Amino acid sequence: MSEQLHTPIRQVLWDWNGTLLDDLWYAIGVRNRVFPTFGLPTIDSLEAYYRQFTFPVRLYYERAGVTDANFVQVANAWMDEYVRGCKEIPLHEDATIVVEAFRAAGIRQVVLSASKLDILTRQLSYYPALEGRFDHVLGLSDIYARSKEAIGCAYLEKCGIPAQQCVMLGDTLHDADVAKAMGTQCILVARGHQSRSVLEGAGVPVCGSLTEAMQLVLG
């Protein structure tokens, strides 16, 4: 696995949940409050969460015992509970520093998330330090966290920056898959919703923090 990027970066495509937003333990808490109301078990460790979490989220739910019959109910209950307290979720401690460093370097920044767009934009509004820092905010039309590949590819086709001069920063294998589909470079940060051992299977640089990722991007 190379720990270098291939070409200079002109645009960063940011994942949101787990990458800029430090919502790993918050999401586990939401799951442990919601799933038992449907007769589903809680999880008692980060390792157990890592063994189950994946994309699309429907597959993660299947691993947790959710069926086709109750998927929509569980997904909506999970989202209602997530949104209820999400103002209290912190950003990762180095998130604003890294966003500002990219801005100072003249790098365009875009949020590309599998979150529902209206929820995503509402969440972003809770963090004044991020206001005006992103040229575009891209999200999905529903809450079911399917692939964000299509919206990413559509954006790259019209943004005016060659894909090779863009990098996806994320915390899951899905981010690496999306980057591959878009033709961009990718850096994964191993402190979000999938473990370092899983992320290292993607064949892209894996960092322990956004600061480390920033150093790769800025060279």
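Residues numbered from 1 in each chain as written. Predicted model: local features only at pLDDT ≥ 70, side-chain atom pairs only at ≥ 80, totals over all residues. Heavy atoms only, no water.

**Comments concerning helix 5 (residues 95-104)**
Argument step 1. Among all positions in helix 5, only Ala95, Val98, Val99 and Phe102 are buried. In an axial view of helix 5, the angular spread of the buried residues amounts to 100 degrees, which keeps them on one side of the axis. Turned more than 90 degrees off the buried face of helix 5, the exposed positions are Ile97 and Ala104.
Argument step 2. Contacts made by the buried residues of helix 5 are with strand 1 (11-14), strand 2 (108-116), strand 4 (166-170) and helix 10 (210-218).
Argument step 3. Backbone geometry just after helix 5 places Gly106 at a positive phi near 80 degrees. (Buried < 20%, exposed > 50% of the residue type's maximum accessible area, 1.4 Å probe, protein only. Helix = DSSP H or I, 4+ residues; strand = E, 2+ residues; numbered from the N terminus. Arc of directions from axis to C-beta. Contact = heavy atoms within 4.5 Å.)

**Some remarks on the side chain of Gln185**
Argument step 1. Counting through the fold element by element, Gln185 comes out in strand 5 (residues 185-189).
Argument step 2. Judged by its relative accessible area of 8%, Gln185 falls in the buried class.
Argument step 3. A polar contact is formed between the side chain of Gln185 and the side chain of Thr7, at a distance of 3.0 Å. (Polar contact = N/O pair within 3.5 Å; in protein donor to acceptor, adjacent residues only side chain to side chain.)

**Points about unusual backbone geometry**
Argument step 1. A cis amide bond links Phe55 with the next residue in sequence, Pro56, at an omega value of -5 degrees.
Argument step 2. Counting through the fold element by element, Pro56 comes out in the loop between helix 2 (46-52) and helix 3 (57-63).

**Quick notes on the packing of aromatic side chains**
Argument step 1. On inspection of all chains with the given rule, the structure shows 12 aromatic pairs.
Argument step 2. For the pair Tyr49 and Phe53, a centre-to-centre distance of 5.4 Å together with 25 degrees between the ring planes defines the contact as stacked.
Argument step 3. Relative to Phe71, the ring of Tyr61 has its centre 5.6 Å away and its plane inclined at 65 degrees; by these criteria the two rings are edge-to-face. Separated by 10 residues along the polypeptide, Tyr61 in helix 3 and Phe71 in helix 4 (residues 71-84) bring together distant segments of the chain. Considered together, Tyr61 and Phe71 belong to a single accessibility category, that of buried residues. (Phe/Tyr/Trp six-rings, centres within 6.5 Å; stacked < 30°, edge-to-face > 60°.)

In short, geometric facts, not functional conclusions.
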